[in-house]
Amino acid sequence: MAGTFVTLTEIEAARAVIAPHVLRTPMASSLSLTEKTGMPVHLKLEHRQITGAFKLRGALNALSRLSPDERQRGVVTASTGNHGRALAYAAGLQGVRSIICMSNLVPGNKIDEIRKLGAEIRIVGQSQDDAQQEVEKIVAQDGLIMVPPFDSPAIIAGQGTIGLEIIEEVPDVETVLVPLSGGGLISGIAAAIKALKPKTKIIGVSMQNGAAMAASLKAGHPVKVAEQASLADSLGGGIGLDNHVTFHMVRDLVDEAVLLTEDEIAAGIVHAYIQEREIIEGAAAVGIGALLAGKIRLQGPVVALLSGRNIDMDQHRRVIAKHYAKGSVPCPA
Ligand SMILES: *Cc1c(COP(=O)(O)O)cnc(C)c1O
């Protein structure tokens, strides 16, 4: 399947399927970032999506492509992050059985949240790999369908619906900043936008700590990188050594991949909170972080995508408190 590409037609079809069940999230002008960069900057507020992240778009579209027999059997994944939440919610909405596999290391509050969304929980072993093995066992023994978090045409087409909205909301956009991990989000957005307005620059932003896609692009093939803790925890994890779709799409459609330090990500969270009055997670703050760090050669109206808000609120509080403790900026009135 290497070389599979998702097309504008598939993304438009995905939009028709998912539109009744997702929010069309707002596009907001950022006066402060416009002033700082000297370019019009707009923020796509996708962190306000149902379940707190864009992943619902892909999950709903993936479910819609299942046959009646597959729907009957149910879906399974090992993600305890935004993909797991989205799949649990989407399956519940449609009366499809879902199982989320996780290791004993996953905190209790996270387990409860996913259970509340309607999923069955299986707790096995001490690592994400153990949880993934359980997924494979369930697929083999019970015939449930595994829904991957990013490397699937249905998922990519669902996430790509954001690209259609961006072009409609800011028709003269020249640069789009997209958080990048496994690349499902940016592949879909780039496929939509490059089809409609080919000269638009699509820039992926990741954390320096363990950016698997950036390392793979450099190597010319998917590679493994050591996972490290990061404020942008939703951007962690590999792209899969047997990656089928996103590696090729990112390589061919994305103009640039930018990496941020932890301090630059924190600055994005702080700016979103203090200037824009938005609570976002680290993964969602990388676009703003890259703008503030001056890491991108900017061109014309800019859209930065805020992708999720599922940050631990104690962690959010600590990031903000650290900022004020530095005394660098007075508290806003
Ligand atoms: C999953 C996720 C991303 C990255 O999406 P990919 O398709 O893996 O590149 C970015 N931000 C948030 C909040 C996410 O949950």
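Computed from a prediction, not measured in an experiment: that's the story for all the values here.

1. Digging into the site of the ligand
Next, step 1: Close to the ligand lie 17 residues; Lys 55, Asn 82, Gly 183, Leu 185 and Ser 307 are nearest.
Next, step 2: Between an oxygen atom of the ligand and a main-chain N or O atom of Ser 181, the distance comes to 2.9 Å.
Next, step 3: The protein chains hide 97% of the 380 Å² of surface that the ligand would expose on its own.
Next, step 4: Looking at the shell around the ligand, its residues break down into seven nonpolar, eight polar and two charged.

2. As for empty space enclosed by the protein
Next, step 1: Counting across every chain of the model gives one cavity of 30 Å³ or more.
Next, step 2: Size it by volume and the largest cavity reaches roughly 50 Å³.
Next, step 3: Of all the elements in the fold, those that place two or more residues in the lining of the largest cavity are strand E8 (201–207) and helix H10 (212–219).
Next, step 4: Per element, the largest residue contribution to the lining of the largest cavity is three residues, and it comes from H10.
Next, step 5: Looking at the lining of the largest cavity residue by residue, the class counts come to seven nonpolar, four polar and no charged.

3. Some remarks on the domain arrangement of the protein chain
Next, step 1: Entries for the protein chain in the domain assignment read domain 1 (8–52 + 152–325) and domain 2 (55–146).
Next, step 2: With 24 residues of domain 1 at the interface, the matching set in domain 2 holds 16 residues.
Next, step 3: Summed over both sides, the interface of domain 1 with domain 2 buries roughly 1600 Å², with 54% coming from carbon and sulfur.
Next, step 4: Linking domain 1 with domain 2 are three salt bridges, by the criterion used here.
Next, step 5: Counting across the domain 1 and domain 2 interface gives ten residue pairs in polar contact (both at pLDDT 80 or more).
Next, step 6: Every element with two or more residues in the side of domain 1 that touches domain 2 is listed here: helix H1 (8–18) and helix H8 (153–169).
Next, step 7: For the side of domain 1 that touches domain 2, the element with the most residues is H8, which contributes nine residues.
Next, step 8: Tallied by class, the residues present in the side of domain 1 that touches domain 2 amount to eleven nonpolar, nine polar and four charged.

4. Let's talk about the pattern of salt bridges
Next, step 1: All told, the structure shown has 18 salt bridges when counted by the stated rule.
Next, step 2: Across the pair Arg 57 and Glu 46 runs a salt bridge, and its minimum N-O distance is 2.8 Å. Taken together, the residues span a long stretch of sequence, with Arg 57 in helix H3 (residues 55–64) and Glu 46 in the loop between strand E2 (41–45) and H3 at a distance of eleven residues.
Next, step 3: Using a relative accessible area of 0% as the deciding quantity, one classes Arg 57 as buried.
Next, step 4: Salt bridges linked by common partners bring Arg 15, Arg 24, Lys 44, Glu 46, Arg 57, Glu 165, Glu 168 and Glu 169 together as one network.

5. Looking at the sheet that holds E2
Next, step 1: Here we have six strands laid out as an open sheet, ordered E1-E2-E10-E7-E8-E9, and mixed in their pairing. Each edge of the sheet is formed by a strand with only one pairing partner; in this case those strands are strand E1 (27–29) and strand E9 (256–260). Looking at each pair of strands side by side, their axes are set apart by 25° on average, direction ignored.
Next, step 2: The pairing of E8 with E9 spans five bridges and is classified as parallel. Looking across to E9, one finds that Ser 206 is bridged to Leu 259.
Next, step 3: Along the sheet, H8 contacts E1, E2, strand E7 (175–179) and strand E10 (302–306); its crossing angle with E2, the most-contacted strand, is approximately 140°.

6. Some points on the packing of helix H12 (residues 262–274) against helix H14 (residues 313–325)
Next, step 1: Between H12 and H14, the shortest axis-to-axis distance is 10 Å and the interhelical angle comes to 90°. By the angle between their axes, H12 is roughly perpendicular relative to H14. Side by side, H12 and H14 meet where Ala 266, Ile 269, Val 270, Tyr 273 and Ile 274 of the first sit next to His 316, Val 319, Ile 320, His 323 and Tyr 324 of the second.
Next, step 2: When grouped by side-chain class, the residues that make up the contact of H12 with H14 number eight nonpolar, two polar and no charged.

7. Quick notes on a nonpolar patch on the surface
Next, step 1: Together, Tyr 273, Ile 279 and Met 313 give the surface a local cluster of nonpolar side chains, amounting to about 250 Å² of exposed area.
Next, step 2: Structurally, Met 313 is set in helix H14.

8. Describing the packing of H1 against H3
Next, step 1: H3 packs onto H1 with a crossing angle of 90° between their chain directions and a minimal axis gap of 9 Å. One finds that H1 runs roughly perpendicular with respect to H3. Contact residues: Ala 14, Val 17 and Ile 18 in H1; Arg 57, Leu 60, Asn 61 and Ser 64 in H3.
Next, step 2: Looking at side-chain class alone, the contact of H1 with H3 contains four nonpolar, two polar and one charged residues.

How each quantity is defined
- Residues take numbers from 1 onward in each chain, read along the sequence in its written order.
- The predicted nature of this model means local features are confined to residues of pLDDT at least 70 and side-chain atom pairs, given and counted, to a pLDDT of 80 or more, with totals for whole chains, interfaces and linings taken over all residues.
- Values shown for side chains rest on all heavy atoms present in the structure; no hydrogens or waters enter the calculation.
- One heavy atom suffices: a residue is near a molecule or strand as soon as one of its heavy atoms comes within 4 Å of it.
- Each polar contact in these results corresponds to two N or O atoms within 3.5 Å; when the atoms are within protein, one needs to be able to donate a hydrogen and the other to accept it, and residues that are neighboring in sequence are counted only if both atoms are side-chain atoms.
- Residue-level accessible areas treat just the shown protein chains as cover; the underlying method is Shrake-Rupley with a 1.4 Å probe.
- Gly is placed with the polar residues, together with every amino acid not listed as nonpolar (Ala, Val, Leu, Ile, Met, Phe, Trp, Tyr, Cys and Pro) or charged (Asp, Glu, Lys and Arg).
- For cavity detection a 1 Å grid was placed over the protein atoms alone, and a set of points counts as a cavity when a 1.4 Å probe fits there but cannot get out; an open set counts as a pocket when protein lies on both sides within 12 Å along at least five of seven lines, with lining residues being those that have an atom within 4 Å of a point.
- Grid points are joined across faces, edges and corners, and a volume is the space filled by probe spheres set on the points.
- Helix numbering and strand numbering both begin at the N terminus, where a helix is a DSSP run of H or I of at least 4 residues and a strand a DSSP run of E of at least 2.
- Domain start and end points were adopted from an automatic or database domain assignment.
- Working rule for contacts: check all heavy atoms of both residues, and any pair within 4.5 Å makes them a contact.
- Computed with a 1.4 Å rolling probe, the buried area is the accessible surface lost when two parts are put together, summed over both parts.
- Every case where a carboxyl oxygen of Asp or Glu lies within 4 Å of a side-chain nitrogen of Lys or Arg is listed as a salt bridge.
- Burial classes: relative accessible area under 20% of the type maximum marks a residue as buried, over 50% as exposed, and values in between as partly exposed (1.4 Å probe, protein chains only).
- Any two strands with at least two DSSP-identified bridges between them are counted as paired.
- The angle between two axes is taken between their N-to-C directions and runs from 0 to 180 degrees, where each axis is a line fitted to C-alpha atoms and a helix contributes only its stretch in contact.
- Here is the rule for angles: anything less than 35 degrees is roughly parallel, anything more than 145 is roughly antiparallel, 65 through 115 is roughly perpendicular, and the remaining ranges are oblique.
- Patch membership requires more than 30% relative accessible area and the absence of a salt bridge. Residues of like charge join within 9 Å; the nonpolar side chains Val, Leu, Ile, Met, Phe, Trp and Tyr join within 5 Å.

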